[in-house]
Amino acid sequence: MSSLPLSDLPGPLPATAAPTPARSPLSPVHRGPLSPTRRTRLSPARLTRHALTLLPLLLIGAWAAADWRTVRDGAARLASADPWWLLCGLFFTCMGWVVAAVVRQGAIPERLPPGRLLASQFAAGAANQVLPASIGAHAVTLRFLQSQGIPLARGTASLALYSLVKPIAKTAVLLGFLVAFPELLHLGELLPDRRTLLLVALGVTATLATAGILAATVRPLRRPLVCFVRTALTDARILHTRPSRVLALWGGAAATPLLQASVIASVGFALGLPLSWTQVTLALLLASTAVGAVPAPGGIGPVDAALVFMMVTFGAPMGLAAATVIGYRVLTVWVPLLPGALVLSIMVQRKLL
């Protein structure tokens with residue numbers, strides 16, 4: 001033992017770290033229960049994206065099972081129809097997606113990529129057949145606009161302008177047909193009575209009054225509503241100073257019902273429907289104007305019944321008119337539904353929606 005005093009001893013030696021045991025290259029790496037890799041794989045956004053990818057396909061299967069009789073009857077009728085007229089109807093159906101993309105571009109100042117815009121409208125057509133009142137198509141379009149860097153207020157204003165222009169343009173086309181072909185229609189037999197017009201006016205007034213009261217009394221709604229109205233008015237003024245946007249917006253909106261009528265007329269000619277293109281177009285304009293506001297997915301149901309009634313009024317047999325409408329729905333709903341759902345799933349998967 002040393003005889004040095006305790007005060008001369010050096011301080012405590014630094015502690016040495018225990019040697020880390022060597023990890024075998026075959027041993028699994030423990031990341032813990034909340035590792036970043038597992039958190040990324042199980043994130044809510046990723047799960048939601050996968051669910052949205054599969055949802056359209058599941059809805060198509062459920063819809064086909066619930067409405068199998070319509071699919072079977074429409075396919076049987078179309079099997080005996082003239083294939084060349086059916087190809088014409090398919091061509092006008094495809095042109096409808098192109099015109100829809102043109103109208104969407106005309107409703108927003110920024111230039112959108114044409115290919116992706118057309119794909120979004122094709123996908124929106126599939127979503128529109130699932131949700132009522134065009135909610136599905138508007139939701140897909142709004143997501144596409146946001147993916148292209150369009151602010152939410154401007155995208156919503158674009159949808160509002162699109163929804164406002166389409167019925168105005170369709171009404172203008174209807175009035176033009178009534179003026180050009182007054183002999184085709186006895187207006188006194190088909191116009192709604194005063195009681196119906198009064199109920200419609202009261203409904204519109206109540207809706208506008210309710211919206212005004214909510215905007216004035218509920219503060220959280222006031223600021224976004226004022227921002228939306230300001231953006232909508234500004235964008236509408238800017239768009240109507242550009243001739244190309246005006247032509248795309250109003251011209252495309254006016255061409256939309258004419259293309260739809262061309263599809264119906266092509267199917268009717270394929271089946272031997274004894275009506276002219278003018279009569280079919282006028283029947284569609286009157287039917288969609290009368291019951292187009294009913295919230296049904298893609299207008300299926302109310303518009304179909306009204307269209308059959310109008311074609312019978314013009315002199316078509318009931319069975320042939322119903323077969324024409326079924327064929328029209330097969331071309332515009334069932335044939336593009338699965339490809340549209342696949343395009344929708346791909347765009348969601350690639351984060352374009």
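What counts, and where the lines are drawn
- Residues numbered from 1 in each chain as written.
- Predicted model: local features only at pLDDT ≥ 70, side-chain atom pairs only at ≥ 80, totals over all residues.
- Heavy atoms only, no water.
- Helix = DSSP H or I, 4+ residues; strand = E, 2+ residues; numbered from the N terminus.
- Buried < 20%, exposed > 50% of the residue type's maximum accessible area, 1.4 Å probe, protein only.
- Contact = heavy atoms within 4.5 Å.
- Areas by Shrake-Rupley, 256 points an atom, 1.4 Å probe, with all protein chains shown as cover.
- pLDDT = per-residue confidence, 0-100.
- Axes fitted to C-alpha atoms, helices over the stretch in contact; angles between N-to-C directions.
- Parallel < 35°, antiparallel > 145°, perpendicular 65-115°, else oblique.
- Left-handed = near helix turned anticlockwise from the far one by under 90°.
- Nonpolar A, V, L, I, M, F, W, Y, C, P; charged D, E, K, R; others polar.
- Salt bridge = Lys/Arg side-chain N within 4 Å of Asp/Glu carboxyl O.
- Phe/Tyr/Trp six-rings, centres within 6.5 Å; stacked < 30°, edge-to-face > 60°.
- Lys NZ or Arg CZ within 6 Å of the ring centre and 35° of its normal.

Looking now at the overall build of the protein chain. Within the protein chain, the regular secondary structure consists of 14 helices and zero strands. Listed by position from the N terminus, the elements making up the protein chain come as α-α-α-α-α-α-α-α-α-α-α-α-α-α. Burial status across the protein chain gives 35% buried among its 353 residues. Look at the contacts in the protein chain between residues 6 or more apart in sequence, and 74% of them connect residues 24 or more apart. Summing over all exposed atoms, the protein chain offers an accessible surface of approximately 21000 Å²; the carbon and sulfur share of this is 70%.

Now for unusual backbone geometry. Positive phi outside glycine occurs at K351, with the angle close to 60°. Along the chain, K351 falls in the segment after α14 (318-349).

In this fold, A254 is placed in helix α11 (residues 243-271). According to the relative accessible area criterion, A254 is partly exposed, its value standing at 22%. The spacing of A254 and K166 is 88 residues in sequence and 7.3 Å in space, taken between C-alpha atoms. With residues up to four places along the chain from it excluded, the contact list for A254 reads A169 and V173.

Attention now moves to the confidence of the model for the protein chain. For the protein chain, the average pLDDT comes to 76, and 65% of its residues sit at 70 or higher. Across residues 1-9, where pLDDT falls below 50, the model places zero contacts with residues more than four positions away in sequence or in other chains. Overall, residues 24-32 carries pLDDT values under 50, and its contacts beyond four positions in sequence, including any with other chains, amount to three contacts.

Attention shifts here to the packing of helix α5 (residues 114-128) against α14. Two elements in contact, α5 and α14, have axes separated by 7 Å at closest approach and are oriented at 120°. One element, α5, and the other, α14, form an angle in the oblique class. Of the two possible hands of crossing, α5 and α14 adopt the one that is left-handed. Each of R116, A119, S120, F122, A123, A126 and A127 in α5 lies in contact with α14, whose residues at this interface are P336, L337, P339, G340, A341, V343, L344 and M347. Residues belonging to the contact of α5 with α14 are distributed by class as follows: twelve nonpolar, two polar and one charged.

Within the structure shown, the criterion is met by three salt bridges. Notably, a salt bridge pairs E110 with R154, separated by 2.5 Å at the nearest N-O pair. Of this pair, E110 sits in the loop between α4 (83-106) and α5 while R154 sits in helix α7 (residues 152-180); the two residues are 44 residues apart in sequence, bridging distant segments of the chain. R329 serves as the salt-bridge partner of D304, at 2.9 Å between the closest nitrogen and oxygen. Taken together, the positions of D304 in helix α13 (residues 302-313) and R329 in helix α14 put the pair 25 residues apart, joining distant regions of the chain. The pair D304 / R329 is uniform in exposure class, with both members buried. One network of salt bridges, in which partners are shared, links E110, R154 and D235.

Here we come to the packing of aromatic side chains. Evaluation of the coordinates by the stated rule reveals five aromatic pairs. A ring pair is formed by F177 and F181, whose centres lie 5.8 Å apart and whose planes are at 40°; its orientation type is tilted. According to the relative accessible area criterion, F181 is partly exposed, its value standing at 29%. Aromatic rings pair up to connect F177, F181 and W277 into one cluster. Geometry around Y162 places R104 over its ring, the cationic atom sitting 3.7 Å from the centre.

In this section: the environment of V267. Relative to the helices and strands, V267 is located in helix α11. Given the relative accessible area of 0%, V267 is considered buried. Spatially, the C-alpha atoms of V267 and G89 are 6.3 Å apart, while their sequence positions differ by 178 residues.

This next bit is on the packing of helix α6 (residues 135-147) against α7. One way to put it is that α6 packs onto α7 with a least axis distance of 9 Å and a crossing angle of 140°. The pairing of α6 with α7 is recorded here as oblique in orientation. Of the two elements, α6 crosses α7, and the hand of that crossing is right-handed. Here H138, T141, L142, L145 and Q146 of α6 lie close against α7, whose contacting residues are L152, G155, T156, S158, L159, Y162 and S163. Partitioned by chemical class, the residues of the contact of α6 with α7 number five nonpolar, seven polar and no charged.

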